[in-house]
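Below are the chains, spelled out letter by letter.
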Amino acid sequence: MMALRFMLEVFLFVVLFPWIVIFEIVWFVKCVKMARVLGGNVKDGMDLWVKYIKVGLEMNKDFVVNGL
């Protein structure tokens, strides 16, 4: 049973991790573009992107602690 779980985790890492990285890169570029449109600079876009990541992690933590 442990081997099956390990194989599943490796498979999901290999399949899902690149998609997550691609999505985060696209989202970062979008945040920087929107900051530039609104008169900011790259640092403002990066700050916005980091805030989105922090909020997402907090939501994930809340979901794990409290469940559905």
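Residues numbered from 1 in each chain as written. Predicted model: local features only at pLDDT ≥ 70, side-chain atom pairs only at ≥ 80, totals over all residues. Heavy atoms only, no water.

**Q** Just to check I follow, could you spell out the overall build of the protein for this structure?
**A** Helix and strand counts for the protein stand at two helices and zero strands. The C-alpha radius of gyration computed for the protein amounts to 17 Å, which surpasses the reference 11 Å derived for 68 residues by more than 25%, pointing to a less compact arrangement than a globule. Dimensions of the protein, computed from C-alpha atoms along their principal axes, come out at roughly 55 × 30 × 15 Å. Counting only residues that meet the buried cut, the protein has 6% of its 68 residues in that class. Surface summary for the protein: the accessible area is close to 6300 Å², and the carbon and sulfur share equals 76%. Here the protein holds 8 positive side-chain charges and 6 negative ones, and the gap between their average locations is 6 Å. (Helix = DSSP H or I, 4+ residues; strand = E, 2+ residues; numbered from the N terminus. Rg over C-alpha atoms; globule rule 2.2 N^0.38 Å. Buried < 20%, exposed > 50% of the residue type's maximum accessible area, 1.4 Å probe, protein only. Areas by Shrake-Rupley, 256 points an atom, 1.4 Å probe, with all protein chains shown as cover. Lys, Arg positive; Asp, Glu negative; His and termini not counted. Charge placed at Lys NZ, Arg CZ, Asp CG, Glu CD.)

**Q** Can you help me understand the packing of aromatic side chains in this one?
**A** Ring pairs (aromatic) are described by centroid distance and by the angle formed between their planes. Inspection of the entire model under this criterion finds four aromatic pairs. Seen in terms of ring centroids, Phe28 and Trp49 are 5.1 Å apart; in terms of plane orientation they differ by 70°. Their pairing is edge-to-face. One end of the pair, Phe28, is in helix H1 (residues 2–37); the other, Trp49, is in helix H2 (residues 42–66), with 21 residues separating them in the sequence. Site record: aromatic cluster; members linked through ring pairs are Phe23, Trp27 and Tyr52. (Phe/Tyr/Trp six-rings, centres within 6.5 Å; stacked < 30°, edge-to-face > 60°.)

**Q** When you look at the pattern of salt bridges in this model, what are you seeing that I'm missing?
**A** As a working rule, side chains carrying opposite charge can pair if their charged atoms are close by. For the structure on display, the rule yields two salt bridges. Glu9 serves as the salt-bridge partner of Arg5, at 3.2 Å between the closest nitrogen and oxygen. Taken together, the residues span about one helical turn, with Arg5 and Glu9 both in helix H1 at a distance of four residues. Arg5 gets classed as exposed once you look at its relative accessible area, which sits at 55%. Accessibility expressed as a relative area gives 44% for Glu9, which makes it partly exposed. Across the pair Asp47 and Lys43 runs a salt bridge whose closest N-O atoms are separated by 3.1 Å. A residue pair is termed a helical-turn pair when its members lie 3 or 4 positions apart in one helix, as Asp47 and Lys43 do in helix H2 at four residues. Assessed through its relative accessible area of 52%, Lys43 is described here as exposed. (Salt bridge = Lys/Arg side-chain N within 4 Å of Asp/Glu carboxyl O.)

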